[in-house]
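Next come the chains, spelled out residue by residue.
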Amino acid sequence: MTDVLAARAPADGALDVDALQDLLSSSFHVVVGTPRVVRRARLDTFDGRLARAGRRLQHVTETADERLELADGDETVVARLPERAPAWPAMAADLPDGPVRDDVSRWAGVRALMVVDEGRRLVRRAELRNADHKIVVRLVVDEPADRASTEPATVVVRPLRGYAKDADRAWRLVTSVLEPAADPLLPGSARPTPLLVEPVAPAAALLAAELAAFSAEIRANLPGAVADIDTEFLHDLRVAVRRTRSVLKLGREVLPADWRTTWEPQFKWLGDLTTPVRDLDVYQLGLPDMVGWLVAARPGDLEPFETHLARRRTAARRSLLRGLRGRRLRRLLDEWDEAVAARAAAAAPGTRPSAGELCRAELTRAHRRVVRGGASIGPSSPADNLHLLRKRCKELRYALEVFAPVVDADDVAKAVSDLKGLQDVLGRFQDSEVQRTTLRTYADEMLADGADAATLLAMGELVGHLDAEQQRARGEFDRAFARYVRPAGDRRMRRLYVDGGGRG
Amino acid sequence: MKVYATYNIKGGVGKTSTAVNLAYLSAASGRRTLLWDLDPQGAATYLFRVKAKVKGGGRALVSGRRPLDAAIKATDFDRLDLLPADFSYRNMDLELDDAKKRTRRLDQLLTGVARDYDVAFLDCPPSVSLVSENVLRATDVLLVPLIPATLSVRTYDQLTRFVADAPKPRPEVVAFFSMADRRKRLHREVIDAIPRDRGRVADTIIPSLALIEQMAEHRAPVPVFAPASRAAACYEQLWAEVVR
């Protein structure tokens, strides 16, 4: 036995620690520590990145001791917290230097760490020692601190490397009086269950279910975007808005006709509202990379640019907050949820078109437009044609995501992966151009504010780098497109929209 | 994985105390640490209350019949594991002599556990042998405790020559004075006169203290049973100097 194991008292009985100690004493020298009230706050990013990586990060507070515990399987690394512990939410960069910060940063990335669960427990740690008084097994007896709590007490058996036989013996003794249970301290899976819809179900039912899920996503990310906890709340909110708009567009045939004039402009407004801050976030997040692009300029030359971005972001956030906190958005979301619920209720079984039929029609159309658009691009095609193709690729990507619940998940994943290569090249081509144009605008603004020549020259180097990057992306286009339309990829797409995607 | 070895041709100079205390401090600072007690006397193994026994002995480890990680034992301290000594290690020279790439075998064995640990310490037996040649090959930093006595300086000369003659890659040599008594004139003179051109000589001096000898009684590293002591502070200072 090498894994951490947990046991708990049977449903009809309480945990008798003294009896357990007597039982274990038949095989070990048992040393039980004094009970301590421990406050545990489990930390993770809003989207559960640590749990998905199999990590459990806890802020543990005991008398005169405050620490972070990072568990990865049966190994726990501890970082003592300074007197002024970070106030959550906080970024991984705010954690004390050391292995905990290094590992958490790797998984959390740009997302803030938030308290996702907390509780007070009465914890007793016990050591099971052999005849040489060497610790061979550790036990943790974990009970709710609140006597009125109905949560069960748990005994966790932690084996030590090289002492598996002792751990087996301890586990046998523990489970002779307690029931095996899941370790309450181990992270659960944070992956949401994917939506699955039968292809014969009404298309309107599928679209309504997806729109309801996107609306929930918008609502879930709204508080974090308002509080500016990290940049990804706004990003995820925008993604949900973009997906909503894409469903509204793809589903025009089956959704009420008036939605095109009522809801499509509403969600366009919401998307546009969030664009300025997100654009600035992209710049700020990309600054460390941009510093690496400099050839002649010094990294410090870009500091005034960083300050300018921060100032602009503060101003842009004021407008954003007015919109996000305003009545218009509240009403939009409430009325939208009602409209979506009504549409879902109206989608009676047998209503045409079915989800499978709409999927076939929309994927066929979107795929054909990408193939035709790409084939028409030659060496002298203007940049606008590549921008248009990027939009077509996005539409196909959204269609693949929208209809994922009715087709084979593996086929969709492969089709998305095929498309991603082309999207990356087109994205680099357009982003380089957009960033270059915006940089010029910022440079004009900063010049008017009396910026240093050194800063403007450094920004000029960035423009030069972006120009070269755009040329590189343009040079890679033919190969990326040829790879996308190769027979294997084409067969995969056709399987999705001609054969109905292999489900149903 | 960074490998440190405490080594000296001479015995009784504080190799084991240094390996045990520095390995403990390494683990306490958050690094996953392994201590391999290569000395058949098994003093480090005893200090961690682990049985000085490896199934199949040194022969099984060197031949690869028993994987290194199957012989590793957790100590009582988080992130600190021990590869115990075995009395059969007294024949390790012979086992290594039979192995392919005889001077690189320990290095190969350690590579097999490199993913599990950030730091490894080798507590070496006092000798010049095939084991020593293997240690030089496997080690990044050779920690050499020196008692401030004339003969120790002579041994240090022999040791630095031995390292200089070893095939590349060679470890960095970091010598430090151990069991020093500043009240003794000879100790002061030797400390001042040590040649500093053959390797780094640490500023930290580990004094001769009864508390360090008490490790055998407590069977624990000094910072565990006397965290506020001068001895613990000296080892902390030495670790800070070595790890930087």
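Because the structure is predicted, anything quoted here is derived from the model rather than measured.

### Describing the pattern of salt bridges
1) Next: Per the counting criterion, the structure on display carries 58 salt bridges over all chains.
2) Next: Across the pair Arg125(A) and Glu62(A) runs a salt bridge whose closest N-O atoms are separated by 3.4 Å. With Arg125(A) in strand β7 (residues 114-129) and Glu62(A) in strand β4 (residues 55-62), this residue pair connects regions lying 63 residues apart in the sequence.
3) Next: Relative accessible area serves as the criterion here: at 35%, Arg125(A) is assigned to the partly exposed category.
4) Next: A salt bridge links Arg32(B) to Asp118(B); the nearest nitrogen and oxygen atoms lie 3.0 Å apart. Of the two residues, Arg32(B) sits in the loop between α1 (15-28) and β2 (33-37) while Asp118(B) sits in the loop between α6 (105-111) and β5 (119-123), which places them 86 residues apart along the sequence.
5) Next: The exposure class of Arg32(B) is partly exposed, given its relative accessible area of 25%.
6) Next: For Asp118(B), a relative accessible area of 30% puts it in the partly exposed group.
7) Next: One network of salt bridges, in which partners are shared, links Arg36(A), Glu62(A), Asp65(A), Arg67(A), Glu69(A), Arg80(A) and Arg125(A).

### Quick look at the packing of aromatic side chains
1) Next: Overall, the coordinates contain 14 aromatic pairs over all chains when judged by the stated rule.
2) Next: Aromatic side chains Phe477(A) and Phe481(A) sit 5.9 Å apart centroid to centroid with 15° between the ring planes, which places their arrangement in the stacked category. Residue Phe477(A) and its partner Phe481(A) are located together in helix α13 (residues 453-484), separated by four residues, close to a single helical turn. Of the two residues, Phe477(A) and Phe481(A), neither departs from the other in class, the shared state being buried.
3) Next: Relative to Trp239(B), the ring of Tyr4(B) lies with its centre 5.7 Å away and its plane at 65°, an arrangement referred to as edge-to-face.

### Details of the side chain of Ser88(B)
Residues and elements named next belong to chain B.
1) Next: Relative to the helices and strands, Ser88 is located in the loop between β4 (80-83) and α5 (92-98).
2) Next: Note on Ser88: relative accessible area 18%, which makes it buried.
3) Next: Engagement of the side chain of Ser88 in a polar contact is seen with the side chain of Asp86, the distance being 2.7 Å.
4) Next: Apart from residues no more than four positions distant in its own chain, Ser88 is found in contact with Gly57 and Gly58.

Procedures and definitions
- Residues numbered from 1 in each chain as written.
- Chains lettered and ligands numbered in written order.
- Predicted model: local features only at pLDDT ≥ 70, side-chain atom pairs only at ≥ 80, totals over all residues.
- Heavy atoms only, no water.
- Salt bridge = Lys/Arg side-chain N within 4 Å of Asp/Glu carboxyl O.
- Helix = DSSP H or I, 4+ residues; strand = E, 2+ residues; numbered from the N terminus.
- Buried < 20%, exposed > 50% of the residue type's maximum accessible area, 1.4 Å probe, protein only.
- Phe/Tyr/Trp six-rings, centres within 6.5 Å; stacked < 30°, edge-to-face > 60°.
- Polar contact = N/O pair within 3.5 Å; in protein donor to acceptor, adjacent residues only side chain to side chain.
- Contact = heavy atoms within 4.5 Å.

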